Amino acid sequence: MNFGPRLSRDAAGCILAHSTRLAARALKKGHVLTEADCAELAAAGIDSVVVASLDTRDVGEDTAAERLARSAMGPGVLTDTAFTGRMNLYAETNGVLVVDPEAVTAANRIDPAITFATLANHTQVTGGRMVATAKIISFAVPGHLLEQAEQALHGAVRVAAFTPRKIGLVATELPHLKASVLDKTRRVLEDRLRPSGSTLIGEIRVPHDQEAVADAMRKLISQGADFLILFGASAVVDRHDVLPAALDLAGGTVRHLGMPVDPGNLLMLGTLQGLPVLGAPGCARSPKENGFDWVLDRLLAGLDVTPDDITAMGVGGLLMEIGTRPQPRESRRRSDRSKVAAIILGAGKSSRMGGPNKLLAKLDGKALIRHAAEAATGAGLAQTVLVTGHLAGEVGAEVADLGLTVVHNPDYADGMAGSIRAGMNALAPGTDAVIILLGDMPRIDAAILKRLVETYRSRETGQIVTATADGKRGNPVLWDKRFFEALKSLSGDVGAKHVIAENTDLVAEVEIGPAARLDLDTPRALLEAGGVLPRHATPTSKTTK
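Notes on the pattern of salt bridges
Then, in step 1: One pass over the full model with this rule turns up 24 salt bridges.
Then, in step 2: Across the salt bridge formed by R194 and D191, the nearest N and O atoms sit 2.5 Å from each other.
Then, in step 3: According to the relative accessible area criterion, R194 is exposed, its value standing at 54%.
Then, in step 4: D191 gets classed as partly exposed once you look at its relative accessible area, which sits at 45%.
Then, in step 5: For E509, the salt bridge is made with R473, and the minimal N-O distance between the two is 2.7 Å. Of this pair, E509 sits in strand 29 (residues 507-511) while R473 is found in strand 28 (residues 472-480), placing the two residues 36 residues apart along the sequence.

See below:
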């Protein structure tokens, strides 16, 4: 291919390299110039244009892209029409993308003008999702180079379709594990199985005992299960722990224990009567992607997973996007001097109050927001941040004398997450933990906050410390700095309850009674508590939106 400037009058049959505007129309990049085009260019005073002209052995960009893409196509892959030197490949059905990385790399090294890109190998895909694209950079490539790329890419991309399986679930129980956690685990697993069309045909909950687990596995197979998943109440930490010992006892084989993926390290892979058995790590109770997904998806797509496959997952196995997990093996360093701050959420519109801002309502002669602020400032914390939003001026005025750090969340109408993020961003450097308080919980006092801090400093499991009322979790909640990024990444108006649910092994609870679940969202609740509704907003409030 020849590329460069050419006199307009001599450019017929060439490919225009750059879009060019004429008086009445525009000639687009890639347009093959005609004699009429050339005459019009000359008449417009455009004496030369930059063009590409093909040799007889060159293959045009669209044809080249199509040939490259079709060569790479394997089972389960569809194509579309080539355009501007590009042709895309799509998954024909739900399944797992399987790519030959060496083939793709070899094709991409033949010539810079020949490129082929895919999703990450073994990505779970749905029917219709784009999985790869062939793109020719220049307007044409030499035919012999294209042939080399076609040979290198032959059948390099396929989609292994999911095969619906009948899943048997064994869940072990210990006193500390609530039934609600097991219920959620089942729901999360059912959601994971849905793309493959697999179904959970039975769940057996048994004591955390190898004999009981072995019996449950045999029973589920007798009921028609062709795939077993085991959730232990306690993590597998040794080859002779309960789950692997149970698989041995049942006559199965432990193929591999552990994986270089975090979250997901404590996974067990095995077989029983020729059927796959997965011992799930604790993180699989969460819907967030983790190492369990990587193995489960491949097995559901009929792909064998070997110990070598698992041990090769380390590169890319640190799933940093999972912000709800603390850093792996990070040492715990706490002391009586650890810096604990508080964030008071005081930005909401009080929509359930029917008009007035509930934080300005009076209880025991003080605004609700003042109760929260005095509790935080009286607890000896390193910093107290108040996040304002609706009626920011009035809310801030109620606590102006308490020396708070006040930050405004202009997007308060979008939900609680934005206020948490604003508060987190206002924390002083070196903060070790933060207590997040709701501004409408007036029975939370300084003594309660001090108990949360004492628990945090004294317990290894207290990376999250939550107040409870009769065993039910409520507010406030203390968060170790390991969860700061997770808090900053929240969205919407759902708060951080799911982060707690995904890290139950790191939670410590402090029973404080009804105060943990008392919030005054409605006029009736406020009046029943002895409160007084605030007056409607003053005109100055308009400037604080």
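As for the sheet that holds strand 7 (residues 77-79)
Sheets are built from strands paired through backbone hydrogen bonds, the pairs being either parallel or antiparallel.
Then, in step 1: Within the open sheet, the 4 strands sit side by side as 7-8-12-10. Their pairing is antiparallel. With partners counted over all chains shown, the strands left at the sheet margins are strand 7 and strand 10 (114-118), one partner each. Strand-to-strand, the axes of this sheet are offset by a mean angle of 20°, without reference to chain direction.
Then, in step 2: Bridging between strand 10 and strand 12 (residues 130-136) involves 5 bridges; their strand directions are antiparallel. Bridged to T115 within strand 12 is K135.

Some details on unusual backbone geometry
Then, in step 1: With an omega of 5°, the peptide bond between D262 and P263 qualifies as cis.
Then, in step 2: Tracing the backbone shows P263 in the loop between strand 18 (253-257) and strand 19 (268-272).
Then, in step 3: Here the residue pair N475 and P476 is connected by a cis peptide bond, since its omega of 0° sits within 30 degrees of zero.
Then, in step 4: Following the sequence through the fold, P476 ends up in strand 28.
Then, in step 5: Here H122, not a glycine, exhibits a phi torsion of approximately 70°, which is positive.
Then, in step 6: Inspection of the secondary structure assignment puts H122 in the loop between strand 10 and strand 11 (124-125).
Then, in step 7: The residue Q273 is not glycine, and still its phi comes out positive at about 55°.
Then, in step 8: Residue position: Q273 is located in the loop between strand 19 and strand 20 (275-280).

Regarding helix 13 (residues 446-458)
Then, in step 1: Helix length check: helix 13, at 13 residues, gives a terminal C-alpha distance of 18 Å against a target of 18 Å (1.5 Å per residue), a fit within 8%.
Then, in step 2: Within helix 13, burial applies to A446, I448, L449, L452, V453, T455 and Y456.
Then, in step 3: Each element contacted by the buried residues of helix 13 is listed here: strand 21 (340-346), helix 10 (368-377), strand 26 (433-438), strand 27 (464-469), strand 28 and strand 29.
Then, in step 4: Put simply, D445 is the residue that caps the front of helix 13, since its side-chain oxygen is 3.2 Å from the backbone nitrogen of A447.

Quick notes on helix 2 (residues 61-72)
Then, in step 1: For helix 2, with 12 residues, the first-to-last C-alpha span of 17 Å sits near the 16 Å given by 1.5 Å per residue.
Then, in step 2: All buried positions along helix 2 are accounted for by E61, A64, A65, L68, A69, S71 and A72. Along helix 2, the residues classed as buried sweep out an arc of 160° about the axis, all on the same side.

Remarks on the sheet that holds strand 17 (residues 227-231)
Then, in step 1: Strand order across the open sheet formed by 6 strands is 16-15-17-20-19-18, with mixed pairing between neighbours. Looking at which strands have only one partner, the edges of the open sheet turn out to be strand 16 (199-207) and strand 18. Across the sheet, the mean angle separating the axes of adjacent strands is 20° when strand polarity is ignored.
Then, in step 2: In this structure, strand 19 lies alongside strand 20, joined through 5 bridges in antiparallel fashion. Paired with L272 across the bridge in strand 20 is L275.
Then, in step 3: Helix 7 (residues 242-249) rests against strand 15 (166-173), strand 17, strand 18, strand 19 and strand 20 of the sheet, and its axis sits at about 15° to strand 19.

Comments concerning the pairing of strand 12
Then, in step 1: Taken across its 7 residues, strand 12 has 6 buried, putting it largely inside the fold.
Then, in step 2: Note that strand 8 (residues 86-91) and strand 12 share 5 bridges and pair antiparallel. In the strand pairing of strand 12, M87 is matched with A134.

Focus on the pairing of strand 17
Then, in step 1: Among the 5 residues of strand 17, 5 are classified as buried, and the element is accordingly described as predominantly covered.
Then, in step 2: Where burial is concerned, the two faces of strand 17 agree: the one with F227, I229 and F231 and the one with L228 and L230 are both buried.
Then, in step 3: The pairing of strand 15 with strand 17 spans 5 bridges and is parallel. The residue of strand 17 that forms the bridge with V170 is L230.
Then, in step 4: One ladder, built from 4 bridges, connects strand 17 with strand 20; its direction is parallel. Looking at the pairing, F231 lines up with A280 of strand 20.

Here's the deal with the side chain of S338
Then, in step 1: By the secondary structure assignment, S338 is in the loop between helix 9 (307-311) and strand 21.
Then, in step 2: Residue classification places S338 among the buried residues on the basis of a relative accessible area of 7%.
Then, in step 3: Look past the residues within four positions of S338 in its chain and what remains in contact with it is D432, Y456 and R457.

Description of the nonpolar core
Then, in step 1: With 67 residues, the main nonpolar core has I343, V434, I435, L449, L478, W479 and L487 as its most contacted residues.
Then, in step 2: The residues touching V434, leaving out its near neighbours within four places in the chain, are A341, A342, I343, M424, L427, V477, L478, W479, F484 and L487.
Then, in step 3: Counting residues in hydrophobic clusters, the runner-up holds 32 residues, among them V59, A65, A149 and V157.

Some details on the state of the cysteines
Then, in step 1: Tallied over the full model, the rule gives 0 disulfides.
Then, in step 2: Unpaired in this structure, C14 has its nearest cysteine sulfur neighbour in C38, at a distance of 7.7 Å.

Describing the confidence of the model for the chain
Then, in step 1: On average, residues of the chain score 89 in pLDDT, and 91% of them reach the 70 mark or higher.
Then, in step 2: In the model, residues 321-333 has pLDDT below 50 throughout and makes 33 contacts with residues more than four positions away in sequence or in other chains.
Then, in step 3: Taken as a whole, residues 537-545 scores under 50 in pLDDT and shows 12 contacts with residues more than four places along the chain or in a different chain.

Here's the deal with the packing of helix 5 (residues 179-193) against helix 8 (residues 291-300)
Then, in step 1: Orientation of helix 5 relative to helix 8, taken along the N-to-C sense of each, is 50°, at an axis distance of 11 Å. Comparing the axis directions of helix 5 and helix 8 gives the class oblique. In this structure, the crossing between helix 5 and helix 8 has a hand that is right-handed. For the pair helix 5 and helix 8, contact is made by L189, R192 and L193 and by F292, D293, L296 and L300, respectively.
Then, in step 2: In terms of residue class, the contact of helix 5 with helix 8 is made up of 5 nonpolar, no polar and 2 charged.

Thresholds applied
- Counting restarts for each chain, with residues numbered from 1 along the sequence as it is written.
- Totals for whole chains, interfaces and linings use every residue, but because this is a predicted model, local features are given only for residues with pLDDT of at least 70 and side-chain atom pairs only at 80 or more, for both listing and counting.
- The side-chain quantities take in all heavy atoms of the structure and omit both hydrogens and water.
- Between Lys or Arg on one side and Asp or Glu on the other, a salt bridge is scored when a side-chain nitrogen of the former is within 4 Å of a carboxyl oxygen of the latter.
- Each residue gets one of three labels from its accessible area relative to the maximum for its type: buried under 20%, exposed over 50%, partly exposed in between, using a 1.4 Å probe on protein chains only.
- The helix count covers DSSP runs of H or I at least four residues long, the strand count covers runs of E at least two residues long, and both are numbered beginning at the N terminus.
- Whether two strands pair depends on DSSP finding at least two bridges between them.
- Note on geometry: axes are lines fitted to C-alpha atoms, helical ones only across the stretch in contact, with angles between N-to-C directions running from 0 to 180 degrees.
- The span you would expect from a helix comes to 1.5 Å times its residue count less one.
- Every residue pair with non-hydrogen atoms within 4.5 Å of one another is taken to be in contact.
- Whenever a nitrogen or oxygen atom comes within 3.5 Å of another N or O atom, the pair is scored as a polar contact, on the condition that within protein one atom can donate a hydrogen and the other can accept it, and that pairs from neighbouring residues in sequence are kept only if both atoms are in side chains.
- Relevant arc is that of directions from the helix axis to the C-beta atoms, nothing else.
- Take the buried residues of types Ala, Val, Leu, Ile, Met, Phe, Trp, Tyr and Cys, join any two whose side-chain atoms come within 4.5 Å, and each joined set is a nonpolar core.
- For the purposes of this analysis, a disulfide is any pair of cysteine sulfur atoms at a distance within 2.5 Å.
- Every residue carries a pLDDT, the predictor's confidence in it, which falls somewhere between 0 and 100.
- Under this scheme an angle from 65 to 115 degrees is roughly perpendicular, one under 35 degrees roughly parallel, and one over 145 degrees roughly antiparallel; angles in between are oblique.
- In this scheme, a crossing is called left-handed if the near helix is turned counterclockwise away from the far one by less than a right angle; it is called right-handed if the turn is clockwise.
- Only Asp, Glu, Lys and Arg are considered charged in this grouping, and only Ala, Val, Leu, Ile, Met, Phe, Trp, Tyr, Cys and Pro are considered nonpolar; every other residue, Gly among them, is considered polar.

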